[in-house]
Every structure is written in C-alpha cells, then in structure tokens.
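# Structural overview
Listed below, chain by chain, are the residues.
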Amino acid sequence: MTTDGSVSTLVAREGQSLPVGRSAPGARLGRDRRRVWFTAVVLAVIWALWRADAGPGSINGRGWPLVREFFAAAAKPDVSADFLSVVADSVGVTVAYAVAGTSLSVVIGIVGGVATSETWWRRDPQHPRGPGVAAGWWIARSLAAVPRGVHEAIWALFLLQILGRDPLVAVLAIGVPFGAITAKVVAELVDDAASGPYDALRAAGAGRLTAMTYALAPVVGGDVTSYAFYRLECSLRSAVVLGMIGAGGIGFQLSLSFQTLRYEEIWTLVYTLVLLSALVDRWSAQVRARPTSRRRRSSIAVTTLGSVVAAWHLELRPQTLVSSRTRSLAIDVVQSSWPPRLPSGGWSVLWDATVDTLVISLIAIATASALAGPTAIAAARSPDAGVVGAVIGAVARVLLLVTRAIPPPVWALIVVFVVFPGPLAGGLALGVYTFGVLGRLAAEVIENADQGPAHSLRLLGAGPAAAFGYGTLPMMAPRLAALSLYRWEVAMRETVIVGLVGSGGLGRILAQQNAAFDRAAMVTTVAALIVLALLADVMSARMRADLR
C-alpha cells in the first residue's frame, strides 16, 4: 500500500476513494452519467434556493448597520487583563476537550477499525471459521455506522441529560462519533494493505491479533497517526461548538458575548480561535509531512502526555459512568425516549423540517463549492508562482483558515444580521464554514497533482493560466467534485448545529424538543436526520462512482 498521508487522501477514506481513470468505452459512459448528475445537481440547487425563498425579500436591510458595527470592532478587540484571563481559561478547557476527545476517538478507532475490517473476519484456508463469520462482519459494520451517523452535538444533548454538566459529556460527544469515523478509516487502511505477510503469519499458526500487530500495524501505523492529527483539528472545532451548547470553553464565551452584543469580546475570541487553529494546523501538517521522522514520534509522545494533562485539567472521573446515579438517569432517559413519537404537529412538521434540512445542505455545498474552486487554485503552493502569486496564495490560505476556524453557529449568528432566520441563513452560514474546509482540501489536491502535463505545456510556450487550465484542471476536476460530494455528506450532518441556533430544519425542532424534555420526539427527529444522512451517503457514493 502506498499513500501520501495528505489530508485529502485520508479524508477521502471516510467516504470513498478518490476517482481514478477509466477505459475509453467506460469514459464515454462516464461522461454521459456525469452530464446527467450535473444537470440533476443544478436543478436541485435551484429548487433549494426557491424553497428557501432566496431573493430580495429574504434580506434584512436594517441589519447592515449591525454588520458594519460588528466588523468595525475587529480593529479594537477587548484586550483587557480581566477578559484575557477569561480567554486563557477558556482556551485551556477547549484544548483539553479536543485532546482528550481525540485520544478517545483514536483508541475507539483502532479497536473498532480492526474489528470491522474484512481482513479480521476473512476466512483463512488454514484457519476455517464457521458460517457466521460473514454475518459477524456485517453486524460489526452496521453497529459502527450508527454512532458516526449522529452529530456530536446530538450526542452532547443526550449525554447532558444523563451526566449533567460533567466534562465527560464533551469528551464522549467528541470521542464516540469521531471514533466510529476513525474506525472506518482504519478498516479501509487495513483492508488495502498488502496481505501477504499477514497470511504468512496466519499460515504459521499466529493468531489474528498477533498477525495484525506484526504484519499490518507497521504498514498502516503512519497513516493512522496522520489521520489522528487531522482528527485533532476537527476535534478543536467540535469542542468550540459543544461549548456553545453548554460545555464551556471558548464556545461558551462566544455565546455569552453574542447574547450581550459585545463585539470587541467576540473579535478577541475569534482571533484566539484563528491563532489556535493555525498552530494546530501547522503542527498537524508538519507531522504528516514527515512520516518517519523523530518529529512524528515526539508529537505522539507530546499528545499522549497532553491527554494525561487534559484529563487532570478537566478533572475527568470515568467512574461516574458506572455510578448508580448515572445508571438511574440512563434508564430514565431510555424509558422516556421509548417508544418514539412524532413531534408536535405530526408528520407534516417532521416532513417540512426534513426538507428544510436537505435545502440547508444543498445551499451550503453549492456556496462552498462556488467559493472554494477559485480560492483553492490561488491557495495551492506552486514553485512558479512568483512574488505576486505568493502574496495572493498567502492571502487565500489565511482566508481559508479564518473561515474554517470559526464554527458554523458563529457564522449563523453573523449571517442572521442581514438574512432573516431560516434555511437560507443556515445554508449560507454552513456554506462559509464548509468553504474553508473544502478549499483547504482542494488546494492540497492541486498541490499533489501530477505537474507533468502542465510542465509540458509551459515548455511549448503556454502561460501559467493556460497550462493549469488545460494540463492540471481536467485531471483534477473529478477529484475536486468527489471532495465536494464528500463534504455534502458532512454538511448534511452539520445542519443540526446551525439549526440549534435557529436556522431551521431538524436542528431547530430538535432544540425545541430538548428544551421541553420531549425525549421520545427527539429520538424520532434524530432518526429522521440519520435516514437523511444515509440517503445522502448512498447518493453521494453513486455519484462518486460515476465520476471514476
């Protein structure tokens, strides 16, 4: 197995492999299918904009003075000693959540990835197992699909009802779903690895765990480590989101400052988030760029120590999970959640919210894709960029960093200044955030592309733009489209977090049900979100397959 450890390659494993070439007859068939899908996507986005009432009537003209006031405050952030002390404490909590949650997700991911890999369940000729092996693999994969289909914010809402405002809530809310996602990536890496050494050890009488430890772990260990550091970046953003719904940290302070319209405080927190994200992003990139260096080993050691410090700082008490009070509350939550029932208003309310969720996701990915394409081209590092190109690239990379460092709920609170609350506002807010993530992934794809065709065109006299447009872009377009489809799947799940702050969809009625402690209706709403996300996964997978 050969992988480059890049973010785009690792992220692609969460969904499906990036597209590859096809034969000439297959290429013609693929072009026809791509035209059909392209037309369908355009029509779907148009329908989503119509459904969201996108137009002059959705603009709140009276909000522009607030926008100007908000951005004017960027030049004068609150740097008072008292508030900076609060920010420092909040950073400590948020980072601790991210590190502890990532560590838990890696443990779950490694164990779950091995347990859900085809290699683990495969019948070896020398070690035949019973007919239940195939069934066991399907059961394991199905069970692992459930936690990754539920957004971490939903996990937090349910865990809060059992554990209260315990730091374990945020750690588990990050660790469990991210662990399930990591398990899928680990399983893909294990199954893609050359199985010869593993089969040889099994034939010699070694057990499955022993064979994997000595034959496969050294091969996939580097990619697993790289992906773990990518997950740390995601955990940091999730920790901020969880803070906004009550877990504390920077997110909690952002909510307080928005409620009181203290824009100077907001910008201090935003600058802190951007700086924190830049440091984690840089550290993660350096670790992935040196897969065999001491930097990676030292980073693992630092992160392991950081997990211990995080547990101490948060005063985590795992024994709380098995206390009699926790068991009693868990039983009460389960009993009050079953049987599920429809939300107030019945099927029509659930259907409208489900459709609005789909609308939010379509507007989000359309906005993100439209912005990410040209920005990624500018942000991609190139040795031939020149001084002007280097400056433009640096500005583009900063823009992508800022937009993905600020979590979607914050963007939603900003967007509703000028766009009336609803699916359009939620889609635009989620689109701006997704633009930052998608643009970063797309820029990396462009940087890692084969530059041979473009270089040949340059030797023939073509300019940089023409060489890129005719040499690199046609080769990269299917991969960039595949990344957009992957981010659509993610955006479908993330609609819940903009919905929780009033942007419509299933997230909005979920927030109402949570406030009313209507757990049975919450289960139905979460089930609708999972079904919608699974349908998006299936459709996205079909589209990505036709892009090959």
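Residues numbered from 1 in each chain as written. Predicted model: local features only at pLDDT ≥ 70, side-chain atom pairs only at ≥ 80, totals over all residues. Heavy atoms only, no water.

### Digging into the overall build of the protein chain
The test is simple: A run of H or I in DSSP becomes a helix once it reaches four residues, and a run of E becomes a strand once it reaches two; helices and strands are each numbered from the N terminus. Categorising residues by exposure relies on relative accessible area from a 1.4 Å probe, with only protein chains included: less than 20% of the type maximum marks a residue as buried, more than 50% marks it as exposed, and the intermediate range marks it as partly exposed. Whether two residues are in contact is decided by their heavy atoms: any pair within 4.5 Å suffices. Residue exposure ignores everything except the shown protein chains as possible cover, and the areas themselves are Shrake-Rupley values with a 1.4 Å probe.
When helices and strands are tallied, the protein chain shows 22 helices and 0 strands. Burial status across the protein chain gives 51% buried among its 548 residues. Sequence separation of at least 24 residues holds for 80% of the intrachain contacts in the protein chain that already meet a minimum separation of 6. Within the structure as shown, the protein chain displays about 24,900 Å² of accessible surface, and the carbon and sulfur contribution to it stands at 67%.

### What to know about unusual backbone geometry
Omega for the peptide link from Trp338 to Pro339 comes to 0 degrees, which places this bond in the cis form. The residue Pro339 is located in the loop between α14 (324-337) and α15 (347-379) in this model. Phi is positive for Asp53, which is not a glycine, with a value near 60 degrees. We classify Asp53 as exposed; its relative accessible area is 59%. Positioned with a positive phi, Phe517 is a non-glycine residue whose angle comes to about 55 degrees.

### A few points about helix α7 (residues 152-163)
Since the α-helix advances by 3.6 residues per turn, residues separated by three or four positions end up pointing in the same direction. Test applied: A helix is expected to span 1.5 Å multiplied by its residue count minus one.
For α7, spanning 12 residues, the distance from its first C-alpha to its last is 15 Å, which sits close to the expected 16 Å at 1.5 Å a residue. Among the residues of α7, those classed as buried are Glu152, Ala153, Ile154, Ala156, Leu157, Phe158, Leu159, Gln161, Ile162 and Leu163. Phi turns positive, to about 70 degrees, at Gly164, one or two residues after α7.

### Focus: the nonpolar core
For clarity, the cut-off: We define the nonpolar core as a collection of buried residues of types Ala, Val, Leu, Ile, Met, Phe, Trp, Tyr and Cys that are connected through side-chain atoms lying within 4.5 Å of one another.
Judged by nonpolar contacts, the single largest core of 135 residues is most densely connected at Phe70, Ile154 and Leu254. It is helix α10 (residues 208-247) that contributes the most residues to this core, 17 residues altogether. Here Leu254 is in contact with Val240, Ile266, Leu269, Leu273 and Val410, once residues within four sequence places are set aside.

### Here we look at the side chain of Asp518
Looking at the element boundaries, Asp518 is found in the loop between α21 (506-515) and α22 (519-547). By relative accessible area, which is 17% here, Asp518 ends up buried. Here Asp518 is in contact with Arg341 and Gln513, once residues within four sequence places are set aside.

### Observations regarding the environment of Pro374
Tracing the chain through its elements places Pro374 in helix α15. For the pair Pro374 and Gly439, spaced 65 residues apart in sequence, the C-alpha separation works out to 8.8 Å.

### A word on the confidence of the model for the protein chain
Short version of the rule: pLDDT is defined as a per-residue confidence score from the predictor, taking values between 0 and 100.
On average, the protein chain scores 83 in pLDDT, and the residues at 70 or more come to 88%. Within the protein chain, the element-level pLDDT minimum falls on helix α1 (residues 7-15), averaging 66, and the maximum on helix α4 (residues 81-115), averaging 93. Here residues 127-132 scores under 50 on pLDDT; set against residues more than four positions off or in separate chains, the count is 12 contacts.

### Overview of the packing of α15 against helix α18 (residues 423-447)
Quick note on the threshold: Convention adopted: a line fitted to C-alpha atoms gives each axis, helices being fitted over their contacting stretch, and angles between N-to-C directions are expressed from 0 to 180 degrees. Two helices cross in a left-handed way if the nearer one is turned anticlockwise from the farther one by less than a right angle. They cross in a right-handed way if the turn is clockwise. Amino acid classes used here: Ala, Val, Leu, Ile, Met, Phe, Trp, Tyr, Cys and Pro are nonpolar; Asp, Glu, Lys and Arg are charged; the rest, including Gly, are polar.
Following both chains from N to C, one finds α15 and α18 inclined at 35 degrees, their axes separated by 6 Å at the closest point. α15 and α18 meet at a crossing whose hand is right-handed. Grouping the amino acids of the contact of α15 with α18 by side-chain chemistry returns 20 nonpolar, 8 polar and 2 charged.

### Comments concerning the pattern of salt bridges
Formally: Definition used for salt bridges: Asp or Glu carboxyl oxygen within 4 Å of a side-chain nitrogen of Lys or Arg.
One pass over the full model with this rule turns up 9 salt bridges. With a closest N to O distance of 3.1 Å, Asp281 and Arg404 form a salt bridge. Separated by 123 residues along the polypeptide, Asp281 in helix α12 (residues 263-289) and Arg404 in helix α16 (residues 386-405) bring together distant segments of the chain. In this pair, the class of Asp281 matches that of Arg404, namely buried. Close ionic contact of Asp518 with Arg341 constitutes a salt bridge, the shortest N to O distance being 2.7 Å.

### Regarding the packing of aromatic side chains
The following threshold applies: Each Phe, Tyr or Trp ring (for Trp, its six-membered ring) is paired with any other whose centre lies within 6.5 Å, and the angle between the two planes then decides the class: stacked below 30 degrees, edge-to-face above 60, tilted in between.
Evaluation of the coordinates by the stated rule reveals 10 aromatic pairs. Ring geometry for Phe70 against Tyr263: centres 5.5 Å apart, planes inclined by 90 degrees, an arrangement best described as edge-to-face. Note that Phe70 is positioned in helix α3 (residues 64-72) and Tyr263 in helix α12, a separation of 193 residues in sequence. Taking the relative accessible area as the measure of exposure, Phe70 reaches 2% and is therefore buried.

### Things to note about the environment of Val93
By secondary structure assignment, the location of Val93 is in helix α4. Residues contacting Val93, with those up to four places away along its chain left out, are Gly248, Gly249, His313 and Leu314.

### A short note on the packing of helix α9 (residues 196-203) against α10
One way to put it is that α9 packs onto α10 with a least axis distance of 9 Å and a crossing angle of 145 degrees. Both α9 and α10 take part in a crossing whose hand is right-handed. Residues Pro197, Tyr198, Leu201 and Arg202 of α9 form the contact with α10, whose participating residues are Arg208, Ala211, Met212, Tyr214, Ala215 and Leu216. Among the residues forming the contact of α9 with α10, the class breakdown is 8 nonpolar, no polar and 2 charged.

### Side note on a nonpolar patch on the surface
How we decide: A residue counts toward a patch only above 30% relative accessible area and without a salt bridge, and it is joined to like-charged neighbours within 9 Å or, for Val, Leu, Ile, Met, Phe, Trp and Tyr, to nonpolar neighbours within 5 Å.
Side chains of Phe38, Val42, Leu43 and Ile46 sit close together on the surface and give an oily, nonpolar patch of about 410 Å² of accessible area. Among the secondary structure elements, Phe38 is positioned in helix α2 (residues 24-51). For Phe38, a relative accessible area of 58% puts it in the exposed group.

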